[in-house]
Amino acid sequence: MLRARRAASEAKRSANVDARALLRKAIELDPRYAATYTGLGETYRVAVTMGWAQSPEAALKEADALAYKALSLSDLDVRAHVLLGQIHIYYGRYEQALAELDHATAINPNDADAVIGRGTESAFQ
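Everything quoted here is computed from the prediction, not taken from an experiment.

A few points about the overall build of the protein chain
Consideration 1: Scanning the protein chain from N- to C-terminus turns up seven helices and zero strands.
Consideration 2: The order of helices and strands in the protein chain, counted from the N terminus, is α-α-α-α-α-α-α.
Consideration 3: Within the protein chain, the fraction of its 125 residues that count as buried is 42%.
Consideration 4: Excluding contacts between residues fewer than 6 apart, the proportion of contacts in the protein chain whose partners are at least 24 apart in sequence is 46%.

Re helix 3 (residues 34-49)
Because each turn of an α-helix spans 3.6 residues, side chains separated by three or four positions end up pointing in the same direction.
Consideration 1: With 16 residues, helix 3 should cover 22 Å at 1.5 Å per step; its first-to-last C-alpha distance of 23 Å lies within 8% of that length.
Consideration 2: Of all the 16 residues making up helix 3, 14 are buried; the element is thus mostly covered by neighbouring parts of the structure.
Consideration 3: Directly beyond the C-terminal end of helix 3, a positive phi value near 80 degrees is found at Gly-51.

A word on helix 4 (residues 56-73)
Consideration 1: For helix 4, spanning 18 residues, the distance from its first C-alpha to its last is 26 Å, which sits close to the expected 26 Å at 1.5 Å a residue.
Consideration 2: The complete set of buried residues in helix 4 reads Ala-59, Leu-60, Ala-63, Leu-66, Ala-67, Ala-70, Leu-71 and Leu-73. Burial along helix 4 is one-sided: seen end-on, the buried residues are contained in an arc of 155 degrees. Structural note: helix 4 exposes Glu-57, Lys-61 and Ser-72 on the side pointing more than 90 degrees away from its buried face.
Consideration 3: Buried residues along helix 4 sit in contact with helix 3 and helix 5 (78-90).

Some details on the packing of aromatic side chains
Consideration 1: Counted according to the given criterion, the structure contains one aromatic pair.
Consideration 2: Here the basic side chain of Arg-20 rests over the ring of Tyr-44, its NZ or CZ set 3.8 Å away from the ring centre.
Consideration 3: If you follow Lys-69 out to its NZ or CZ, it ends over the ring of Tyr-37, 5.6 Å from the centre.

Notes on the pattern of salt bridges
Consideration 1: Applying the stated rule across the entire model yields three salt bridges.
Consideration 2: In this structure, Glu-42 engages Arg-79 in a salt bridge whose closest nitrogen and oxygen atoms are separated by 2.9 Å. With a gap of 37 residues between them, Glu-42 in helix 3 and Arg-79 in helix 5 connect regions that are remote in the sequence.
Consideration 3: You can call Glu-42 buried: its relative accessible area is 16%.
Consideration 4: For Arg-79, a relative accessible area of 34% translates into the label partly exposed.
Consideration 5: Overlapping salt bridges bring together Glu-42, Arg-79 and Asp-113 as one network.

A look at the confidence of the model for the protein chain
Consideration 1: Considering every residue of the protein chain, the mean pLDDT works out to 88; 87% of them sit at 70 or more.
Consideration 2: Across the protein chain, helix 4 holds the top mean pLDDT of 97, while helix 1 (residues 2-9) sits lowest at 56.

Looking at the nonpolar core
Burial of nonpolar side chains together is a common tendency in soluble globular proteins.
Consideration 1: By size, the foremost hydrophobic cluster in this structure holds 22 residues, and its most contacted members are Tyr-37, Leu-40 and Tyr-44.
Consideration 2: Of all elements in the fold, only helix 2 (13-29), helix 3, helix 4 and helix 5 reach the threshold of two or more residues within this core.
Consideration 3: With eight residues, helix 4 is the single largest residue contributor to this core.
Consideration 4: Leaving out residues up to four positions away in the same chain, Tyr-37 has contacts with Ile-27, Pro-31, Leu-66, Lys-69, Ala-70 and Leu-73.
Consideration 5: In terms of nonpolar packing, the next biggest core, distinct from the first, is built from seven residues, Val-82, Ile-89, Ala-104 and Ala-114 among them.

Cut-offs applied
- In this convention, every chain numbers its residues from 1, walking through the sequence in written order.
- Per-residue local features are limited, in this predicted model, to residues with pLDDT of at least 70; the limit for side-chain atom pairs, both in listing and counting, is 80 or more; totals at the level of whole chains, interfaces and linings are taken over all residues.
- In computing side-chain values, all of the structure's heavy atoms are included and hydrogens and water are not.
- Think of it this way: any DSSP run of H or I at least four residues long counts as a helix, any run of E at least two long counts as a strand, and we number them from the N terminus.
- Residue burial is assigned from relative accessible area. The probe radius is 1.4 Å, only protein chains are included, and a residue is buried under 20% of its type maximum, exposed over 50%, and partly exposed in between.
- Every residue pair with non-hydrogen atoms within 4.5 Å of one another is taken to be in contact.
- Helix span, expected: 1.5 Å multiplied by one less than the number of residues in the helix.
- Think of the arc as the fan of directions from the helix axis to the C-beta atoms.
- Whether two aromatic rings pair depends on their centres lying within 6.5 Å, for rings of Phe, Tyr and Trp, where Trp uses its six-membered ring; planes under 30 degrees apart make the pair stacked, over 60 edge-to-face, and the rest tilted.
- In our convention, an over-ring charge means Lys NZ or Arg CZ found within 6 Å of a ring centre and within 35 degrees of that ring's normal.
- A pair is scored as a salt bridge if a Lys or Arg side-chain nitrogen falls within 4 Å of a carboxyl oxygen belonging to Asp or Glu.
- The predictor attaches a confidence to each residue, and that confidence, scored 0 to 100, is pLDDT.
- By convention a nonpolar core is built from buried Ala, Val, Leu, Ile, Met, Phe, Trp, Tyr and Cys residues, the set being connected through side-chain atoms within 4.5 Å.

Here it is as C-alpha cells:
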C-alpha cells in the first residue's frame, strides 16, 4: 500500500499505472482493507483529471464502484467519501458532493482533501 501511495503521488501516467498494479496486488493479499479500494479508485479519478483515461465515463464508473466497495468495508473511510464527493463535483451533482464531503469532515475535520473538496464544491455554485 505504501509503495502504491508513493507511485500515485507522482503526476505521471506510468506512475498511475504502477500504483494500480500495486493496489490490485494489495487487494489480492487483503480483500477486506478498505483503503486499497479507495486508493485504486483514486487512480481512476486522477486518470480522468489528467486526461489519461481513454473513457472518462468508464473510469469514473470504476472509481465510483471502488469507493462504494471501500465504504461497504468501512463507512469511516474518509478518502472514499472524498472520492465520491469529487466524482459528484465532476458531474455537477453539488448537493450529493456536499453531503459526501460533509460526511468526510465529520469523520475527520482535519482531513485536507475533504476541506479542499468543500472549497472546490462551493466554487461551482
